Amino acid sequence: MSIQDQVIAILADQAVLEPADVSMTSTLEDLGIDSMGVVESIFAIEETFDISVPFNANQPDASDFDISSVASIVAGIERLKAEQG
Amino acid sequence: MKRVVITGAGTINALGLNVADTMAAMREGVCGIGQLKFRDVERLSIQIGGQVQDFPPEGRYNRQQLSLYDRFTQFTLAAADEAIRQSGLIFSGELSAKSGVVLGTAGGGVSTWDDNYRAVYEEGKNRVHPFVVPKLMNNAAASHLSKEYNLKGPSFTVSTACASSNHAMAQAFAMVRSGMAPAMVTGGSESMLCFGGVKAWEGLRVMSRDACRPFSANRNGMVQGEGAGIFVFEDYDHARGRGADILCEVVGFAMTSDASDIVTPSKSGAARAMAGALADARINPDQVGYINAHGTGTAANDKTECAAVADVFGPHADRLMISSTKSMHGHLIGGTGAVELLACIMALRDGVIAPTIGYQEPDPECALDVVPNEARDARVTYALSNAFAFGGMNAVIAMRAV
């Protein structure tokens, strides 16, 4: 599975939706994922891709990982995986 | 109804190993938060905390005691020794039979769990020390305290996360006020600063990596602390009758439940607890000069708490002082209300308001007098101490200068 498909599967699972209902432009808010859901989704992403995501729930906008859309999350994971080498 | 006064106080925390040193540090705005030191700390993404330094248990406790005393029990007994010594009480006869211990802790013997899980899972051992259970149980500290000081009345441990000590002290207050006990030893203790303890908190993504800055617009989370605060609550007439030195009076309390979210705080739950404490103490909002805030330094707590204060106090919210000493000693979780009660005693007895240190940028959502960065001299007659826990369980205590 591609990173994109895996992220969509994680978020769909969190939001209790079908993967087909999650698009690259969806925001977490669109999907109905609240602040605790965000923290759980990031945990699932870290476990799936074996990466460490810099995310502080107190400053979601200031974190060096953009969670504003599915596309930005995929881009963030690709960057972290590249950095990890 | 009896009047209830505090006749003894003791503590151990990152700011000091006793009350005098802790209050001196609060007056000076000292930060007790620094790099954590314990096994495997390099595997944590959060590596700062308000860790108690220079407290080697060896020498203080004998071999038999060390096999039974988790660090949270060690802190409790050290703080209790100071408090009970100051009170001058010796528990014997009817005083012993009726007086008890009510303590708060969220985690109990966390490092005992941690050490023994490590032994069986990581090191593959198939045997643990026979006293693991009595050492880690949440009531271990209260039990040892009752045993050391001959306290044979009602004793138990309260566990309501970050409000544990305030709930415990509220219970002790109610018992003395009702005439059920002439004196109660109360407060709380916590020691979660070990690998597993911090790792669990790290997962929630609410911890700061650099500092606890309550109410500051650039705050980025809480920082854990450890330690204990222990007090002697005593019937006023009993205390006066023996000529005891009175630190302050406890005049009311209230407890509420948000009955909503498991972690997100509720403005109405906090407001109802503060308003309830004022009503129980039969005081008007404008009589309160100082509030020791829950003030965790998270985005959610601080703005919610300030909004609740504004609701309860109306225009007086802009005149009272509210500070969070967690900026200095960190968040002691189940022990935090007990150590923070010291800031209220200092305000009421000494006329010194502990500051909120680390304050850098005003936040329009926290637009109260948070006593930024420097302590202040002020005469205060009534003070509140707030504690709002995960799980939505809140407890507020009201105190008066004597």
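## Looking at the overall build of chain B
Then comes step 1: In terms of helices and strands, chain B carries 14 helices and 14 strands.
Then comes step 2: Taken over C-alpha atoms, the radius of gyration comes to 20 Å for chain B, in line with the 21 Å a tight globule of 402 residues would show.
Then comes step 3: Within chain B, the proportion of its 402 residues that are buried is 59%.
Then comes step 4: Excluding contacts between residues fewer than 6 apart, the proportion of contacts in chain B whose partners are at least 24 apart in sequence is 81%.

## Observations concerning the environment of proline 265 of chain B
Residues and elements named next belong to chain B.
Then comes step 1: Within the element layout of this structure, proline 265 appears in the loop between strand E8 (248–257) and helix H11 (267–281).
Then comes step 2: When the 24 C-beta atoms within 10 Å are taken as the criterion, proline 265 is described as buried.
Then comes step 3: For proline 265 and alanine 389, which are 124 residues apart along the polypeptide, the C-alpha to C-alpha distance reads 8.0 Å.
Then comes step 4: For proline 265, the contacting residues outside a window of four places in its chain are Ala270, Ala300, Asn301, Thr304 and Phe388.

## What about the nonpolar core?
Then comes step 1: Phe233, Ala277 and Ala383 of chain B are the most contacted members of the largest nonpolar core, which totals 134 residues.
Then comes step 2: Residue contributions to this core peak at 10 residues, all from helix H14 (residues 336–350) of chain B.
Then comes step 3: Per-domain counts for this core show at least three residues from each of domain 1 (4–241) and domain 2 (251–400) of chain B.
Then comes step 4: Beyond its immediate chain neighbours, meaning those up to four positions away, alanine 383 of chain B contacts Val288, Gly289, Tyr290, Ile291, Asn292, Cys344, Ala347, Leu348 and Met399 of chain B.
Then comes step 5: Membership of the second largest hydrophobic core comes to 14 residues, among which are Ile10, Val22, Leu28 and Val70 of chain A.

## Considerations on the interface of chain A and chain B
Then comes step 1: Contacts between the two partners involve eight residues from chain A and, on the opposite side, 10 residues from chain B.
Then comes step 2: Per-class residue counts for the side of chain A that touches chain B are five nonpolar, three polar and no charged.

## A word on unusual backbone geometry
Then comes step 1: If you check the backbone angles, aspartate 50 of chain A has positive phi at about 55 degrees while not being a glycine.
Then comes step 2: Relative to the helices and strands, aspartate 50 of chain A is located in the loop between helix H2 (35–49) and helix H3 (70–84).
Then comes step 3: For aspartate 50 of chain A, a count of 9 C-beta atoms within 10 Å gives the class exposed.
Then comes step 4: The residue asparagine 150 of chain B is not glycine, and still its phi comes out positive at about 65 degrees.
Then comes step 5: Note on asparagine 150 of chain B: 14 C-beta atoms within 10 Å, which makes it partly exposed.

## Thoughts on helix H8 (residues 164–177) of chain B
Residues and elements named next belong to chain B.
Then comes step 1: Between its first and last C-alpha atoms H8 spans 20 Å; for 14 residues at 1.5 Å apiece the expected length is 20 Å, and the two agree.
Then comes step 2: Most of H8 is tucked away: 13 of the 14 residues are buried.
Then comes step 3: Where H8 terminates, the next one or two residues include glycine 179, which has phi positive at roughly 90 degrees.

## Examining the domain arrangement of chain B
Residue and element names in this part refer to chain B.
Then comes step 1: Structurally, chain B comprises domain 1 (4–241) and domain 2 (251–400).
Then comes step 2: Here the C-alpha centre of domain 2 lies 21 Å away from the C-alpha centre of domain 1.
Then comes step 3: The interface of domain 1 with domain 2 comprises 62 residues on the first partner and 56 residues on the second.
Then comes step 4: For the side of domain 1 that touches domain 2, the secondary-structure elements that each account for two or more residues are strand E1 (4–13), helix H1 (19–28), H8, strand E6 (183–190) and strand E7 (227–235).
Then comes step 5: Element by element, the count of residues in the side of domain 1 that touches domain 2 is highest for H8, at seven residues.

## With respect to the sheet that holds strand E9 (residues 288–292) of chain B
Residues and elements named next belong to chain B.
Then comes step 1: Strand order in the open sheet formed by 10 strands is E5-E4-E6-E7-E1-E8-E14-E13-E9-E10, with mixed pairing between adjacent strands. Looking at strand neighbours, the two that pair on one side only are strand E5 (156–158) and strand E10 (321–323), the edges of this open sheet. Looking at each pair of strands side by side, their axes are set apart by 25 degrees on average, direction ignored.
Then comes step 2: With three bridges joining them, E1 and E8 adopt antiparallel strand pairing. Following the sheet pairing, valine 5 is matched in E8 by glutamate 249.
Then comes step 3: Here helix H3 (residues 71–87) sits on the sheet in contact with E1, strand E4 (100–104), E6 and E7, set at roughly 140 degrees to E1.
Then comes step 4: Along the sheet face, helix H7 (residues 140–149) touches E4, E5 and E6 and points at about 150 degrees away from the line of E4.

## Section: the confidence of the model for chain B
Then comes step 1: For chain B, the average pLDDT comes to 97, and 100% of its residues sit at 70 or higher.
Then comes step 2: This prediction of the complex comes with two scores: 0.95 for pTM and 0.81 for ipTM.

## Quick word on the packing of helix H5 (residues 110–122) of chain B against helix H9 (residues 195–202) of chain B
Residues and elements named next belong to chain B.
Then comes step 1: It is at 8 Å that the axes of H5 and H9 come closest, and there the two elements cross at 105 degrees. Relative to H9, the element H5 is oriented roughly perpendicular. Across the interface between the two elements, Val110, Trp113 and Asp114 of H5 pack against Phe195, Gly196 and Gly197 of H9.

Calculation criteria
- Residues numbered from 1 in each chain as written.
- Chains lettered and ligands numbered in written order.
- Predicted model: local features only at pLDDT ≥ 70, side-chain atom pairs only at ≥ 80, totals over all residues.
- Helix = DSSP H or I, 4+ residues; strand = E, 2+ residues; numbered from the N terminus.
- Rg over C-alpha atoms; globule rule 2.2 N^0.38 Å.
- Buried ≥ 20, exposed ≤ 12 C-beta atoms within 10 Å, placed from the backbone.
- Contact = placed C-beta atoms within 7 Å.
- Core = buried A, V, L, I, M, F, W, Y, C linked by C-beta atoms within 7 Å.
- Domains from an automatic or database assignment.
- Nonpolar A, V, L, I, M, F, W, Y, C, P; charged D, E, K, R; others polar.
- Expected span 1.5 Å × (residues − 1).
- Pairing = 2+ DSSP bridges.
- Axes fitted to C-alpha atoms, helices over the stretch in contact; angles between N-to-C directions.
- pLDDT = per-residue confidence, 0-100.
- Parallel < 35°, antiparallel > 145°, perpendicular 65-115°, else oblique.

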